[in-house]
Amino acid sequence: MNTKENYQKKVEAELVLVQAKLAEFKARAKVASADARISYDEQMSELEQRFDDTKTKLKELGEASDGAWENLKDGVESAWSTLSNSVQHAADKFKA
């Protein structure tokens, strides 16, 4: 397996973990008070958008030639970083 494939598999595995976290957040939102649920729903909408953005960037990377994928890696890294930070922020918020 080459470096591109290894990188893709790593990010895909991280996205699976994020998807599980999003499911956990949705479950918590269902049992929250009405006011909290509104806040959770807004947060979830943002997280889902960032998740989709990261998946899109990863798909673009996967479709790139072996020589060009390095150029797209920064975009995936940026999207992943934003998503990861948002998930952590949401986790902190949902604990409160």
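Residues numbered from 1 in each chain as written. Predicted model: local features only at pLDDT ≥ 70, side-chain atom pairs only at ≥ 80, totals over all residues. Heavy atoms only, no water.

## Overview of the overall build of the chain
To be explicit about the condition: Numbering goes from the N terminus for both helices and strands, where a helix is a DSSP run of H or I of at least four residues and a strand is a run of E of at least two. With a 1.4 Å probe rolled over the protein chains alone, any residue whose accessible area is under 20% of its type maximum counts as buried; one over 50% counts as exposed, and the rest are partly exposed. It only takes one pair of heavy atoms within 4.5 Å for two residues to be counted as in contact. All accessible-area figures derive from a Shrake-Rupley calculation using a 1.4 Å probe, and residue coverage is judged against the displayed protein chains alone. In this tally Asp and Glu are treated as negative and Lys and Arg as positive; neither His nor the chain ends contributes. We put the charge of a Lys on NZ, of an Arg on CZ, of an Asp on CG and of a Glu on CD.
When helices and strands are tallied, the chain shows three helices and zero strands. Its helices and strands taken in sequence order, the chain reads α-α-α from the N to the C terminus. The buried share of the chain, taken over its 96 residues, is 30%. The long-range fraction of contacts in the chain, counting pairs at least 24 apart against all pairs at least 6 apart in sequence, stands at 73%. Total accessible area on the chain is roughly 6,000 Å²; 49% of this is exposed by carbon and sulfur atoms. Taken together, the 15 basic and 18 acidic charged side chains of the chain have centroids lying 5 Å from each other.

## Remarks on the nonpolar core
For clarity, the cut-off: Buried residues of nine kinds, namely Ala, Val, Leu, Ile, Met, Phe, Trp, Tyr and Cys, make up a nonpolar core once their side-chain atoms join them within 4.5 Å.
Counting 23 residues, the largest nonpolar core has L15, V18, L22, F25, L47 and L83 as its most contacted members. Put simply, the parts of the chain that give this core at least two residues each are α1 (3–30), α2 (34–63) and α3 (69–95). A total of eight residues in this core trace back to one element, the largest contributor, which is α3.

## Side note on the pattern of salt bridges
Keep this limit in mind: For this analysis, a salt bridge means a side-chain nitrogen from Lys or Arg found within 4 Å of a carboxyl oxygen belonging to Asp or Glu.
Enumeration over the complete set of coordinates arrives at six salt bridges. In this structure, the salt-bridge partner of K21 is E24, at a minimum N-O distance of 3.7 Å. In this pair, K21 and E24 both sit in helix α1, three residues apart, roughly one turn of the helix. Using a relative accessible area of 31% as the deciding quantity, one classes E24 as partly exposed. R28 is the salt-bridge partner of E24, the closest N and O atoms lying 2.8 Å from each other.

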